[in-house]
Amino acid sequence: MARIVVSGNYAQSYAALLARVDVVSAYPITPQTSTVEKLADFVASGKLPAQYIKVESEHSALQVCVSASALGARTYTATSSQGLLLMHELLHWASGLRAPIIMGVVNRAVAPPWNIGADHTDTIAQRDTGWVQFYAESNQEVLDTVLMAYRLAEDPAVRLPVMVTEDAFYLSHTVEPVDMPDQQDVDRFLPPRDARAVLIPGVPSRVGSFTGPDHYVEFRRELARATAAVIPTLQRVEEEYGEITHRYHGGPLSTYRVEDADAVLLTMGTDTTTARSVVDEMRAEGRKVGLAKLRLFRPFPTELVCRLAAEVDRLGVVDRSYTFGPQGAVETEVAASLYTARHRPALSGFFAGIGGRDVTPGEVRRMYEALLHGGPSENRWIDLEEQEARAHG
Amino acid sequence: MAKLTLPAAELMYSGHAACPGCGAALSMRLLLKGLGPRTILSIPACCWTVIATPYPTTALGVGVLDNPIEATGASVSGLRAAADALGFKDLNIVGFAGDGGTADIGIQALSGMLERRTNAIMVMYDNEGYMNTGIQRSGATPLGAWTTTTPVSSTVHGKTEAKKDIMAIVLAHNPVYAATLNPAFPEDFVKKVEKARDLPGPRFFHIFAPCPPGWKFSSEVTIKLGRLATDSGVFPLYEVENGVYRITRKSGTLKPVEEYVRAQGRFRHFTPTDIESLQDQVRSSWEHLLRLEAESHPKAEELVSKPVARAVAAPTS
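Draft legend 1. The overall build of chain A, seen in detail. When you go through chain A residue by residue, the secondary structure sums to 15 helices and 16 strands. Here the analysis covers contacts within chain A between residues at least 6 apart in sequence; of these, 82% occur between residues at least 24 apart. Within the structure as shown, chain A displays about 15100 Å² of accessible surface, and the carbon and sulfur contribution to it stands at 53%. Looking at charge distribution, chain A has the averaged site of its 38 positive side-chain charges lying 3 Å from that of its 50 negative ones.

Draft legend 2. Summary view of the pairing of strand 7 (residues 162–167) of chain A. Residue and element names in this part refer to chain A. Burial analysis of strand 7 places six of its six residues in the buried class, the great majority of the element. Residue alternation in strand 7 divides its side chains into two sets, Val162, Val164 and Glu166 and Met163, Thr165 and Asp167, and both sets are buried. Alignment of strand 5 (residues 102–107) against strand 7, held across six bridges, turns out to be parallel. Of the residues in strand 7, the one forming a bridge with Val105 is Thr165. Pairing of strand 6 (residues 132–135) with strand 7, which is carried by four bridges, proceeds in the parallel orientation. Looking at strand 7, one finds that Phe134 is bridged to Val164. Note on the crossover from strand 6 through helix 7 (residues 139–154) to strand 7: the handedness is right-handed.

Draft legend 3. The pattern of salt bridges, seen in detail. Residues and elements named next belong to chain A. Per the counting criterion, the structure on display carries 43 salt bridges over all chains. The shortest N-O distance in the salt bridge between Arg74 and Glu154 comes to 2.8 Å. Remark: Glu154 occurs in helix 7 and Arg74 occurs in the loop between helix 3 (58–70) and strand 4 (75–80); sequence separation between them is 80 residues. The pair Arg74 / Glu154 is uniform in exposure class, with both members buried.

Draft legend 4. Structural context of the nonpolar core. One finds B:Met28, B:Leu31, B:Leu41, B:Trp48, B:Leu60 and B:Phe205 to be the most contacted residues of the largest nonpolar core, which totals 59 residues. Examining the composition of this core, we find that seven residues originate from one element, helix 1 (residues 23–35) of chain B, more than from any other. Counting 57 residues, the second-largest nonpolar core is a separate cluster that includes A:Leu91, A:Val105, B:Ala74 and B:Ala103.

Draft legend 5. Molecular detail of the interface of chain A and chain B. In this complex, chain A contributes 36 residues to the contact, which on the side of chain B involves 38 residues. Surface buried jointly by chain A and chain B totals about 3000 Å² across both partners, of which 67% is contributed by carbon and sulfur atoms. Looking at the side of chain A facing chain B, the largest losses of area belong to A:Leu71, A:Arg206 and A:Phe210, adding up to 22% of the total buried there. Applying the counting criterion to the chain A and chain B interface returns two salt bridges. Two residues, B:Asp66 and A:Arg206, come together in a salt bridge whose shortest N-O distance is 2.8 Å. Counting across the chain A and chain B interface gives 14 residue pairs in polar contact (both at pLDDT 80 or more). Mapped onto the side of chain A that touches chain B, the elements with two or more residues apiece are strand 3 (51–54), helix 3, helix 5 (88–96), strand 9 (205–207) and helix 9 (213–228) of chain A. Per-element accounting of the side of chain A that touches chain B gives the leading share, seven residues, to helix 3 of chain A. Its residues assigned to classes, the side of chain A that touches chain B shows 18 nonpolar, 13 polar and five charged. Two elements, strand 9 of chain A and strand 2 (residues 63–67) of chain B, share three bridges in a ladder whose sense is parallel.

Draft legend 6. Quick look at the sheet that holds strand 16 (residues 380–381) of chain A. All names here are of chain A. Taken in spatial order, the six strands make up an open sheet running 10-12-11-14-15-16, and their pairing is mixed. Each edge of the open sheet carries a strand with a single partner, namely strand 10 (253–256) and strand 16. With four bridges connecting them, strand 11 (residues 263–267) and strand 14 (residues 314–319) associate as parallel partners. Directly across from Ala263, in strand 14, lies its bridge partner Arg314.

Draft legend 7. Molecular detail of the packing of aromatic side chains. Scanning the model with the defined rule gives 18 aromatic pairs over all chains in all. Between the aromatic rings of B:Trp215 and B:Phe217, the centroid separation amounts to 6.2 Å while the plane-to-plane angle is 55°, which identifies the pairing as tilted. Across the pair, exposure class does not vary: B:Trp215 and B:Phe217 are buried alike. Through a chain of ring-to-ring contacts, three or more aromatic side chains come together here, namely A:Tyr322, A:Phe324, A:Phe351 and A:Trp381. Stacked on the ring of A:Tyr52, the Lys or Arg A:Lys54 has its end atom at 4.9 Å from the ring centre. Lying across the ring of B:Trp215, B:Arg266 places its NZ or CZ 3.9 Å from the centre.

Draft legend 8. Structural view of the packing of helix 1 (residues 8–18) of chain A against helix 2 (residues 33–44) of chain A. Residues and elements named next belong to chain A. Across the interface, helix 1 lies against helix 2 with an axial gap of 8 Å and an inter-helix angle of 40°. In terms of axis orientation, helix 1 runs oblique to helix 2. Judged by the twist between their axes, the crossing of helix 1 over helix 2 is right-handed. Residue-level inspection shows Asn9, Tyr10, Gln12, Ser13, Tyr14, Ala16 and Leu17 of helix 1 in contact with helix 2, the latter providing Ser34, Thr35, Lys38, Leu39 and Phe42. For the contact of helix 1 with helix 2, a count of residues per class yields six nonpolar, five polar and one charged.

Draft legend 9. Up close: the side chain of A:Arg247. All names here are of chain A. Secondary-structure assignment places Arg247 in the loop between helix 10 (230–245) and strand 10. A relative accessible area of 13% means that Arg247 is categorised as buried. A polar contact is formed between the side chain of Arg247 and the side chain of Asp144, at a distance of 2.6 Å. Residue contacts for Arg247: discarding those within four places in its chain leaves Met1, Gln140, Asp144, Asp179, Pro181, Tyr241 and Gly242.

Draft legend 10. Structural view of unusual backbone geometry. All names here are of chain A. Put simply, Thr30 and Pro31 share a cis peptide bond, and its omega is 0°. Position of Pro31 among the secondary structure elements: in the loop between strand 2 (23–26) and helix 2. Omega for the bond connecting Pro112 with Pro113 falls within 30 degrees of zero, at -10°, which places this linkage in the cis form. Counting through the fold element by element, Pro113 comes out in the loop between strand 5 and helix 6 (121–124).

Conventions used here
Residues numbered from 1 in each chain as written. Chains lettered and ligands numbered in written order. Predicted model: local features only at pLDDT ≥ 70, side-chain atom pairs only at ≥ 80, totals over all residues. Heavy atoms only, no water. Helix = DSSP H or I, 4+ residues; strand = E, 2+ residues; numbered from the N terminus. Contact = heavy atoms within 4.5 Å. Areas by Shrake-Rupley, 256 points an atom, 1.4 Å probe, with all protein chains shown as cover. Lys, Arg positive; Asp, Glu negative; His and termini not counted. Charge placed at Lys NZ, Arg CZ, Asp CG, Glu CD. Buried < 20%, exposed > 50% of the residue type's maximum accessible area, 1.4 Å probe, protein only. Pairing = 2+ DSSP bridges. Right-handed = clockwise from strand over helix to strand, strands pointing away. Salt bridge = Lys/Arg side-chain N within 4 Å of Asp/Glu carboxyl O. Core = buried A, V, L, I, M, F, W, Y, C linked by side-chain atoms within 4.5 Å. Buried area = accessible area lost by both parts, 1.4 Å probe. Polar contact = N/O pair within 3.5 Å; in protein donor to acceptor, adjacent residues only side chain to side chain. Nonpolar A, V, L, I, M, F, W, Y, C, P; charged D, E, K, R; others polar. Phe/Tyr/Trp six-rings, centres within 6.5 Å; stacked < 30°, edge-to-face > 60°. Lys NZ or Arg CZ within 6 Å of the ring centre and 35° of its normal. Axes fitted to C-alpha atoms, helices over the stretch in contact; angles between N-to-C directions. Parallel < 35°, antiparallel > 145°, perpendicular 65-115°, else oblique. Left-handed = near helix turned anticlockwise from the far one by under 90°.

Below, the structure written as structure tokens:
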């Protein structure tokens, strides 16, 4: 095992290298670009014997991966924000054709106005496309999740595409020490793709086709079955990955100091790190607060949320996106999950970190305080409150 | 009658869902005769999505991948990348798209594929409109033609813009091979396919695909109409190999376009002036093509007699 000091973007590139991808296709977009630049270096130097198709748009980048995958290749692409939005149509094609593509996505705000800061609106807006969606907290988690994503995506019970997302700049451009597993261990963990249900040269077949209501429902039902298989399969994949790396990232939803907590905050991505330090501070002060880290947004881990709810009276959800619904996007999923829970905690929603605004320890602390004091009834724009607090000294 | 030399093997089967007299169906049949079974087709949303028949059946004896309407160029790049990465040899990768999926919404991906020098064939089967959605105008619909979105009234005579010149656009990318094909000339058609099949690099076919319901003509005249299109110069047959033009059918003097126009309901409103104007445009395009052939091909230039060369050099109306 080698230790490298890399950005989240390079962690993506190194993971694709270790996964021995056959085909890479990409189009530049800030802040993703250094991922595919690094892959270009790997291919140019012969380190990665892959076909690298430099396309004229993100739409084409994903089509290249979909088509290459349909012929049995292991594929990788990366994008962000507007690029992901342009791919939207192809996202459905990828899941519908059961193409196990892995895509690194840097979570970035959506225009207008132009903004390249961390914001989950781009990826949250793709929640209904059939992709598995991971939100990483660290560069180590990025690398590990990409490798696990290939095993998960290519599992015969799953065969779905996976997005491994990382927050713009906090991960994409921040370097951290990352342990790289040995190639031989990765090869054992991730053998070459078992290419089933693909086009075979010389054999008449059709991938895609068209159907009326007589078969379309069955295709959708198969997608639902595959989606339901993600969480149980992920557990197996994480265990096997743990055997080669001795690292475990806690499954779809992990908790931190939630025992006897009066208030728990649920976060995704890099907010988690800040919130964890605030939990430690407040615990040291005798305040009973805890943290839940949501790593898998699609499929949503409803059962795990219900299990968490059983132990918590006040739950706050941080949404790093604004999606026009009555609640934040993550909060909506949590609320829907809680409807079936035996014990329903009071639920509060916070918008924080929109468009790359820093989510400071002070802000996290204010969210905990709000929860501990009964919680707000409406969603709160924490970024704006912080600004107002600063303005008024 | 001369004996046909087309390959006997059929890779397009009966039971397909094309309309009677469909030029796109004839084109697929001939294309696959030329390409053979080691072919993978990428087909966007178009008439052929339906012609190939619904799941779980197929009317084609080759592998088919469906792709969204604008992405065929990218799809063939992906298929070729996978074929190269996985070591599949002697595999024809072919994008088979309509004129909308090629010249309109698909032009970005087409341009990308050509610029990347993807080793694949892109086919535009040109039925001059969005026929699968029910006869709407495309960039490839000819000037003056009636479609459901270019109606004919007392003030407007069908489409008010000229047909997009897809061959010029493709040739600006310097493909290794580009040609016009017409299923009314099956031997010329298959010969071009067989020639292109073995050339590495980006290749392009512009196929004339008459559409009986869209162009409003009776299904039994598809071939006759196809022959008229070429012999009148409306759809000349030529190939361009590494920049060198070669006209593959020259039948002395061009037939007047009138017969071609009068055979189709979409041009029913054409006045003698409209026909005259089309005739001028066709003559001018044909002379331009002769000039391109003469200028690009040293041998052809030597063969062209002096009076013709002078006529070609003269400005056209």
